[in-house]
Amino acid sequence: MAGTLRVVLDTNTVLSALLFVNGRLVPLRTAWQAGELTPLLCAQTVEELLRVLAYPKFKLTLEEREELLADYLPYGEVVAPWQSKPEVPVCRDEKDQIFLDLAAVGAAHWLVTGDKDLLDPGGQVRFRIIAPAAAIELLTSPEP
């Protein structure tokens, strides 16, 4: 693909790319580290990532969480807080609304998610909503 893609990655996608070093989403991590993708960030999405990384089930020390964040946050672009509601559909799961809003306000090319509520937002958006596997396929397929 030519140029850097502006993307919103939902929390589960980021977690999988960060936590599973030999996992199927590692190509996304490689892509943001290579500058092929620019993850869009906002206070709410970063707060959620911090909260989820601290879940006891992951058994991550503070130092390990900081290392994982250092492999993600510096590659992102922070989108300034928005004052008005973007024109996007209302998500069935209100906790996921922030990802649709961020993609709209940040002029994302893609919203990458495995969440069914986000994959089918029930309305038109100006960005592609795709599953992580589809994003990886688009990133790794040769251009025609």
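Structure shown above.
All values derive from a computational prediction rather than experimental measurement.

Here is what the cut-offs are and how they apply
Residues numbered from 1 in each chain as written. Predicted model: local features only at pLDDT ≥ 70, side-chain atom pairs only at ≥ 80, totals over all residues. Heavy atoms only, no water. Phe/Tyr/Trp six-rings, centres within 6.5 Å; stacked < 30°, edge-to-face > 60°. Buried < 20%, exposed > 50% of the residue type's maximum accessible area, 1.4 Å probe, protein only. Pairing = 2+ DSSP bridges. Helix = DSSP H or I, 4+ residues; strand = E, 2+ residues; numbered from the N terminus. Contact = heavy atoms within 4.5 Å. Axes fitted to C-alpha atoms, helices over the stretch in contact; angles between N-to-C directions. Parallel < 35°, antiparallel > 145°, perpendicular 65-115°, else oblique. Left-handed = near helix turned anticlockwise from the far one by under 90°. Nonpolar A, V, L, I, M, F, W, Y, C, P; charged D, E, K, R; others polar.

Focus on the packing of aromatic side chains
One pass over the full model with this rule turns up 2 aromatic pairs. On the basis of an interplanar angle of 5 degrees and a centroid distance of 6.4 Å, the ring pair of Tyr 55 and Phe 58 is categorised as stacked. A relative accessible area of 32% means that Tyr 55 is categorised as partly exposed.

Comments concerning the sheet that holds strand β1 (residues 5-9)
The strands making up a sheet associate through hydrogen bonds between their backbones, and the pairing can be parallel or antiparallel. Strand order in the open sheet formed by 5 strands is β3-β2-β1-β4-β5, with parallel pairing between adjacent strands. Whereas interior strands pair on both sides, the edge strands pair on one side only; in this sheet they are β3 (77-78) and β5 (128-130). Helix α5 (residues 97-105) contacts β1, β2 (37-41), β4 (110-112) and β5 of the sheet and is inclined by roughly 165 degrees relative to β1.

Some details on the packing of helix α2 (residues 26-33) against helix α7 (residues 132-140)
Between two packed helices, what matters for the description is the angle formed by their axes and the separation of those axes. Two elements in contact, α2 and α7, have axes whose closest approach is 9 Å; the angle formed by their N-to-C orientations is 55 degrees. Here α2 lies oblique to α7, going by the angle between them. As for the relative orientation of α2 and α7, their crossing is left-handed in sense. From α2, Pro 27, Leu 28 and Ala 31 reach across to α7, where they touch Pro 132, Ala 135, Ile 136 and Leu 139. Tallied by class, the residues present in the contact of α2 with α7 amount to 7 nonpolar, no polar and no charged.

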